[in-house]
Amino acid sequence: MHIDDLCACGLDRQQATELWPQIEQAMALAPSERFLHLARHVLSAQHPFALHQLLYRACSSDGVVWAPDERTLARAHAAQPMRERGLDSHRALHAWSVAERSSFWECIVEKLGICFRRASNGTLEVDAGVHEARFFADAELNIAESCFSAAAGETAIVFQHEGGHLQHIRYGDLLRTTRQVAAGLRVAGIKPGTSVAIDMPMTAESVAIYLGVVWAGCCVVAIADSFAPEEIATRLALGGAQLIFTQDVIARGGRLLPLYQRVVEANAPPAIVVPGTSDGLTTALRRGDISWDEFLGKEEIDAVSCAPHTHSNMLFSSGTTGTPKAIPWNHITPIKCAADGFLHHDIHPGEVVAWPTNLGWMMGPWLIYASLINRATIALYYGAPTGADFLRFVDDARVNMLGVVPSLVRTWRSADALRDIDLSALRAFSSTGECSNPDDMHWLMAQAR
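Conventions adopted
Residues numbered from 1 in each chain as written. Predicted model: local features only at pLDDT ≥ 70, side-chain atom pairs only at ≥ 80, totals over all residues. Heavy atoms only, no water. Axes fitted to C-alpha atoms, helices over the stretch in contact; angles between N-to-C directions. Helix = DSSP H or I, 4+ residues; strand = E, 2+ residues; numbered from the N terminus. Parallel < 35°, antiparallel > 145°, perpendicular 65-115°, else oblique. Left-handed = near helix turned anticlockwise from the far one by under 90°. Contact = heavy atoms within 4.5 Å. Salt bridge = Lys/Arg side-chain N within 4 Å of Asp/Glu carboxyl O. Buried < 20%, exposed > 50% of the residue type's maximum accessible area, 1.4 Å probe, protein only. Pairing = 2+ DSSP bridges.

Caption draft 1: Spatial organisation of the packing of helix α9 (residues 171-187) against helix α10 (residues 204-215). The geometry of α9 relative to α10 is characterised by a closest axis approach of 7 Å and an angle of 55 degrees between their N-to-C directions. Comparing their axes, α10 and α9 come out oblique. Seen along the crossing, α9 lies across α10 with a hand that is right-handed. Across the interface between the two elements, Leu174, Leu175, Thr177, Thr178, Arg179, Val181, Ala182 and Leu185 from α9 touch Val207, Ala208, Ile209, Leu211, Gly212, Val213 and Trp215 from α10.

Caption draft 2: Focus on the pattern of salt bridges. Scanning all chains against the criterion turns up 21 salt bridges. Of the charged contacts, one joins Arg118 and Glu140 as a salt bridge, the two residues approaching to 3.8 Å between their closest N and O atoms. Of the two residues, Arg118 sits in the loop between α8 (101-112) and β1 (124-125) while Glu140 sits in the loop between β2 (134-135) and β3 (155-161), which places them 22 residues apart along the sequence. Between Asp440 and Arg413 there is a salt bridge, with its nearest N and O atoms 2.8 Å apart. Of this pair, Asp440 sits in helix α18 (residues 438-447) while Arg413 sits in helix α17 (residues 406-414), and the two are 27 residues apart along the sequence. The class of Asp440 is buried, set by a relative accessible area of 6%.

Caption draft 3: Fine view of the sheet that holds strand β17 (residues 428-431). Reading across from one edge, β4-β3-β15-β14-β16-β17 is the order of the six strands in this open sheet, with mixed pairing throughout. Pairing within the sheet leaves two strands with one partner each, and these edge strands are β4 (167-170) and β17. The sheet shows a mean angle of 20 degrees between the axes of neighbouring strands, taken without regard to direction. Both strand β16 (residues 401-404) and β17 contribute to a ladder of four bridges, which runs parallel. Across the sheet, residue Met401 finds its bridge partner in β17, namely Ala428. On top of the sheet, α10 reaches β3, β4 and β15 (377-382); it is set at about 130 degrees to β15, its chief contact.

Caption draft 4: Quick peek at the sheet that holds strand β7 (residues 241-247). As summarised here, the arrangement of the seven strands in space is β11-β10-β7-β5-β6-β12-β13, forming an open sheet in which the pairing is mixed. Each of the sheet's edge strands pairs with one partner strand only, and the pair in question is β11 (290-291) and β13 (326-330). Pairing analysis gives five bridges linking strand β12 (residues 311-316) to β13, with the strands arranged antiparallel. What sits directly across from Met314, in β13, is Pro328. This element, α10, spans β5 (195-199), β6 (219-222), β7, β10 (271-274) and β12 of the sheet and lies at about 140 degrees to β6.

Caption draft 5: Region of interest: the pairing of β3. Among the seven residues in β3, five count as buried, and that is most of the element. Of the strand pairs in this sheet, β3 and β4 are connected by four bridges, and their pairing is antiparallel. Bridging across to β4, Val158 finds its partner in His168. Joining the antiparallel neighbours β3 and β4 is a turn of five residues, in which Gly163 adopts a positive phi near 75 degrees. Bridge analysis of β3 against β15 gives five bridges, and the strand direction is parallel.

This is the structure:
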């Protein structure tokens, strides 16, 4: 590797000459430390990605693009149980979680601050076999209550409409709306244990509705807002929904896409319809359907106490190979979401978490629980995540943990969508849904340096 190679990556001769001594210094380190040193102390988002790639290929002997420094390790949530139990590695932490499952989950529940109405006498029962394992079997709780341990004045949701500006919702306001939704369900005659569908984009209202349904002791039947009437009807039937929350239209790219009409064509049960624009409802409603404003009164109710294995959410497989399969969650399942956020994503109180998703897929509920139980902020963009507008929102909202799918990263990279956008607030990325492309993910990591 020579100075000419640096110039071939897009640096001018002066830039390459000034950078060369730092590269030589890094190359004198142990092979496993070379690129990590450059990534931490030399390279930045202002350097061409071709330079990042060149140095990575020249320096790396073990495939590692990033490793935590000592400060990051000391601050990490995973370090807490390690220090408390004298564990010296992540491997040892994992071994403890497997060998002593009850102790591990008691520890995590305590650190997450999970609210139990009645404590359990034991964490895990496997008397009927591991396939019939029961956690906190004799306890009582409503998992939605555990989403509100942050101070009432802290920001629960930051969101933005296409072409709009950032707006904030505090934990206290989200709790109030959650309790109003639960009260509205009671007024509508919906009893605990009833299935209630949600077919909406991921908005502040849909988050409050989701939590309100769970708060009322009911089960959310989650339907993706992209589905056709036939697909909606199938999921309504499988979930046995007695009521549905939906939106009249979805505003995307300057167009209004009909959603309520698809719900009507699916012969859905009575609907509560949220306006998709600031101008109010854009369509007349069926007999028996009511607007969001009519439904949401001022009354608030306490959370309904439930057995841990009471269903709280019904998700579905994609249905691409046949009839979709129902996937039930109970009031214990979200603890795993929050634990993943705590240990694997290292989400801290006050941090901002963005993940373009939908309540119809498991990442929607995951985002709610992983963020709010960890006292963080959910970041929601009311538009397509494929372009620079979404990434500008990520910048403006100062997102700390960003969830992606690899094809989305590929789209950003091919369009050079991150030009002039600052991702320095980001601490972590997470990916799901597809196999990752190493070059694309390396490119994304390079933009946040």
